[in-house]
Every structure is written in structure tokens, then in C-alpha cells.
Amino acid sequence: MEITDSDLVRQTLSGQTTSYDCLMKRYQKQVYNLAYRMLGNFEDAGDLTQDTFIRAYSALASFRQDASFITWLYKIASNLCIDHIRSRRSRGALSLDKEIEEGREPSSGTPRSSEPEALSLVHATQEAVQKAVTTLPEDYRLAVVMRHLHGMSVEEIANVLDKPQGTVKTHLFRGRALLKDRLGALLDISPDGK
Amino acid sequence: MENRHEHERHSNLPQYSHEAKPVFSEQCLKTREKMEDLLEPESGISQQVAIGLNAHIAACSSCAQEYRRMRNLILHLEQLPLVELPTDYSIPVSRKLREMQPAAETEKESQAKLVKAARRAEVIQSQQQSKQNLESVVQATKKIVPLLFLCFMALCMAAGRQYILLSLKQGTAASANVTSSMQSIPIAGLGTWLIAHISILLLHAPEELLSTPTVMFGGLILDIILFSAAVFWVLRYKSINNSLG
Ligand SMILES: [Zn+2]
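Since this is a predicted model, take the numbers as computed values, not measurements. The numbering scheme is per chain: residues are counted from 1 as the chain's sequence reads. Whichever chain is written first becomes A and whichever ligand is written first becomes 1, with later ones labelled in order. It should be noted that, the model being predicted, local features are given only for residues of pLDDT at least 70 and side-chain atom pairs only at 80 or more, the latter also being counted only at that level, while totals for whole chains, interfaces and linings use all residues. To get the side-chain values, all heavy atoms of the structure are used, and hydrogens and water are removed first.

**Considering the overall build of chain B**
Step number 1: A tally of helices and strands in chain B yields seven helices and zero strands.
Step number 2: Strands here are runs of E lasting at least two residues and helices are runs of H or I lasting at least four, both read from the DSSP assignment and numbered beginning at the N terminus. Listing each helix as α and each strand as β along chain B from the N terminus yields α-α-α-α-α-α-α.
Step number 3: Split into buried and exposed, the 245 residues of chain B put 22% on the buried side.
Step number 4: Pairs of residues are marked as contacts when any of their non-hydrogen atoms sit within 4.5 Å. Taking the contacts inside chain B whose residues are at least 6 apart along the sequence as the reference set, 68% of them involve residues at least 24 apart.
Step number 5: What sets the accessible areas is the Shrake-Rupley method with a 1.4 Å probe; for residues, cover comes only from the shown protein chains. In the form shown here, chain B has an accessible surface area of approximately 17,200 Å², with 64% of it arising from carbon and sulfur atoms. In this scheme, a residue with accessible area under 20% of its type's maximum is buried, one over 50% is exposed, and one in between is partly exposed, where area comes from a 1.4 Å probe on protein chains only.

**Structural notes on the side chain of Thr71(A)**
All names here are of chain A.
Step number 1: You can see Thr71 is positioned in helix 4 (residues 69-91).
Step number 2: For Thr71, a relative accessible area of 14% translates into the label buried.
Step number 3: The residues contacting Thr71, other than those within four sequence positions of it, are Asn159 and Val160.

**Overview of the coordination of the zinc ion**
Residues and elements named next belong to chain B.
Step number 1: Metal donors: N, O and S atoms at distances within 2.8 Å, or within 3.2 Å for Na, K and Ca, with water omitted from the atom set so that some sites may seem incomplete. For the zinc ion, the full set of protein donor atoms is Cys28 (SG), His56 (NE2), Cys60 (SG) and Cys63 (SG), and the range of their distances to it is 2.1 to 2.4 Å.
Step number 2: In this structure, the zinc ion is coordinated by four donor atoms arranged in tetrahedral fashion, with angles at the metal of 100 to 116 degrees.
Step number 3: Motif for the zinc ion, donor spacing along one chain: C-x27-H-x3-C-x2-C. Note that Cys28 is positioned in helix 2 (residues 26-39) and Cys60 in the loop between helix 3 (47-59) and helix 4 (61-78), a separation of 32 residues in sequence. By the criteria applied here, four donors are tetrahedral when all angles lie between 85 and 135 degrees, four are square planar and six octahedral when opposite donors are over 155 degrees apart and every other angle lies between 65 and 115, and any other arrangement is irregular.

**Details of unusual backbone geometry**
Excluding glycine, most residues fall at negative phi; most peptide bonds, likewise, are trans.
Step number 1: Non-glycine residue Asp162(A) carries a positive phi angle of around 55 degrees.
Step number 2: Its relative accessible area of 59% is what places Asp162(A) among the exposed residues.

**Overview of the pattern of salt bridges**
Residue and element names in this part refer to chain A.
Step number 1: Salt bridges, as used here, are contacts in which a Lys or Arg side-chain nitrogen is within 4 Å of a carboxyl oxygen on Asp or Glu. Evaluation of the coordinates by the stated rule reveals 14 salt bridges over all chains.
Step number 2: Here Arg86 ties to Glu138 by a salt bridge, and the two come within 2.9 Å at their closest N and O atoms. Taken as a pair, Arg86 in helix 4 and Glu138 in helix 7 (residues 138-149) lie far apart in primary sequence, 52 residues in all.
Step number 3: Classification of Arg86 as partly exposed rests on a relative accessible area of 42%.
Step number 4: One salt-bridge network, held together by shared partners, links Glu2, Asp5 and Arg26.

**So, the side chain of Asp44(A)**
All names here are of chain A.
Step number 1: With respect to the helices and strands, the residue Asp44 is situated in helix 3 (residues 42-58).
Step number 2: Each polar contact in these results corresponds to two N or O atoms within 3.5 Å; when the atoms are within protein, one needs to be able to donate a hydrogen and the other to accept it, and residues that are neighboring in sequence are counted only if both atoms are side-chain atoms. Side-chain polar atoms of Asp44 contact the side chain of His84, separated by 3.2 Å.
Step number 3: In this structure Asp44 touches Leu39, His84 and Arg88, once residues within four positions along its chain are discounted.

**Looking at the interface of chain A and chain B**
Put simply, an interface is often sized by how much accessible area is lost when its parts join up.
Step number 1: Taken residue by residue, the interface counts 62 residues in chain A and 49 residues in chain B.
Step number 2: When two components associate, each loses some accessible surface as probed by a 1.4 Å sphere; the sum of these losses over both components is called the buried area. The junction of chain A with chain B conceals about 5,300 Å² of combined surface from both sides, 60% of it contributed by carbon and sulfur atoms.
Step number 3: Between the two partners, chain A and chain B, sit five salt bridges.
Step number 4: Across the salt bridge formed by Arg176(A) and Glu36(B), the nearest N and O atoms sit 2.3 Å from each other.
Step number 5: Taken together, chain A and chain B are joined by 16 residue pairs in polar contact (both at pLDDT 80 or more).
Step number 6: It is helix 9 (residues 165-183) of chain A that provides the largest number of residues to the side of chain A that touches chain B, a total of eleven residues.

**Thoughts on the environment of Lys169(A)**
Step number 1: Tracing the chain through its elements places Lys169(A) in helix 9.
Step number 2: In sequence terms Lys169(A) and Val144(A) are 25 residues apart; their C-alpha atoms lie 9.8 Å from each other.

**Let's talk about a nonpolar patch on the surface**
Step number 1: Within the patch definition used here, like charges are joined within 9 Å and nonpolar side chains (Val, Leu, Ile, Met, Phe, Trp, Tyr) within 5 Å, considering only residues with over 30% relative accessible area and no salt bridge. A cluster of nonpolar residues, Phe217(B), Ile221(B) and Ile225(B), forms a patch on the protein surface that exposes about 290 Å² of accessible area.
Step number 2: Looking at Ile221(B), the relative accessible area reads 38%, which means it is partly exposed.

See below:
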């Protein structure tokens, strides 16, 4: 039987550092994906993943044992993402377009179409979708990424972001509307290439 | 309209659609408002509303296109592949945490050192305090003991003199009786008496010289009185003797 998150947290707090390694190995992919979809950049996503686990380790004593560890990690990661986006914007060092160019979608996707032409079209649409997501205001972006890329419920998102469910719903609605406007005719193609 | 506003706000961002918007009927606007609820399992839309929306979408090509796009958007988002980790981040994080740990421990150690030093300072202070207390007791004792000694000496001297005076009175009374009965100068008796008194005086002298000036002066006065008394008694004896003779 797999050891529970709260047991691993307890063990880490009692000094067993290997237990924290287990927690990191368990959740690093999810944190990394959230960071990547939020920042659109692999390098920043990697840094943010590490920062999230370091921050979580320092605050581990404040983690409520009855809460969900991944929800708590998402909370830390989403705060770091927003800080990162805002500081990046205030620095104005990189243009958003350039950042999006840097964060190339990996070719690990599994489009279901067998036709090469349709496949490349689906892939291009996916890239365009990711780019468009990265241009959303950060509140809308978090809501859309958590709802549609991480499959979280509105209640869970509201819990992570410390916001009322109504606000999350509004952010989702506006985020999706913005994406639909920006992607336009590209959305006439469904993910299965039809 | 809010969406349109957002669109304008982000008009400097990459655009993917440049289509002209068709004119909507009121039904179209209502459908678009509620359209997302059809695609959102959590929306809790009633079956009746869903049927109405679906009926309009089936009849209106513009709304059908919007609906298709919204559905495809959600499908695209949900089918974005999970990106693979380029590396196992638990390794660098563990290393960083280990690096942070000794620093944290040193901080703890230095804090412990501070606490230890503070305790040591407290101990030294209390030791100094008790030393000071002892010192003040010693100082007080140094003042009190000589004072007590002087008092004791003064008492002894006073008692001694009282006794001497008493003895002298008795002595002179006895010698007066003796002389009056002897009918002649009792040289031997007076000499013995004088020698005794002088020796007492001499025995007294070093003690009085060592004591305070007041005590010494008082002692001297007393000795002079005693000596004068002796002389007085001798003279008195002589006058008695003469009147008898
Ligand atoms: Zn319509």
C-alpha cells in the first residue's frame, strides 16, 4: 500500500528527508506542468518548480494534515507564478512574444489523427492554444489552466486561489471568451483533426 | 461587451482572429451567454434550458459556429499534453535544502551561544553581586568591631576606675582610722598605698595611650583626681596629727 501524503509530511517533519524526496517525486510533474502552462517557458517552469518545493519545505510545519498536499502545493506554486509574472512585467526585460517563442511546446503530445497533414494542423493549433493561454491576464490564466489542463473543480480552484467560487467562474468565463476570440477560426479544427 | 473590452485591452497581444462579427438576434445573445453552461458539467443547467439552447444552436449557423469553437477550445485545452520533466527536480531541491540546513543549524548554534553567553554573564553578575555584598559586610564589620572593642574597653576602664575609686575611698578611710589611732605619720602605710596606686597608674598608662584621645584625656583627669585625693588625705592626716600633737 502506498504511503499517504500526510504520513510523508509527518516523517519529513520528524527529520526523515527521504520522505520529502518521495513527495517531490510524486508531485513535481504536476507542479512543473502548472508552472509551464502559466509561464510558457521551460526554464522558468523548472526554477519555479524548485522554488515551490523549497518554499513548501520551509512552510511544512504550517501544512494542515487533513488538507490535500497537492492543493497546498498548487497554492504555493500559483502564488509564485503570479509573483513571477508581475515581476517580469514590471522589469519589462523580455517581451511577451519573445517569452512565448522561447517556450516551445514539446513534441510529446499524442494527437489522435493518423493523417500527417491533420496531425501537423492539430499540433499547430495546440501550440497556438498554449501561446494564447500565456497571453491571458494571470487570474484568468490560473483559472483556465487549473480547470481545463489540471481537471480541477471550480471549488478546488477557489480553495487554491482563496477566492469565491463566483469569482473563479467569472475568471473562467472571461478567460475562455478571450481565448475563443484570439484563436478564432483555428478553433474550427477539433483536436481529432475534424 | 466586457469581452470586447478585454479584447481591446490586449489588442497589442498576438491575434488569431480577424473576422467580422455577424449581427446577432436577442436569442443569439441569450444563447451565447448560456452556451458555456452546456459545456461545463458543473454549471447545473436545467434540462429545459439545455433543450432550448440546443434547439437554437441547431437552427442558427452563427451560434452553431460559436458553440463548436467553444467546445473545440475546451477540448484543445484538455488535450494539451502533459509536458515531461526535463530532469528530476527532487535532486537539486534536496541539495539546496541540505545547503540551507547547515546554515539554519549555524544560526541555531550561534543563538545557543548567545543564550549561553547571556547565562554566563548573569552568573558572573550574580557572583559579583554576592562578592559586593560580602565586601560591604566586611566593611561594616571592620567599622563595628573596633567600635564594639572601644566600647568594651571604655566600659572596662570605667568599671576599673569605679572599683579603684571605691578601693581608694575604703583605703583612705581605713588609713585615716589607722593614722588617727596610731598618733604618728604612718610612712610605711602611706608609702605602700602610694606605690600601689602608682603601679595601677603605670599599668593603666599603655592602655590609655593606645585608646582614643577622649578616653585617654578622661583617664588622665581621673588619675589626677585620684592623685589629688591621695595628696588631700596626706595633708589632712598631717593637719590632724599637728592638732593632736
Ligand atoms: Zn444564434
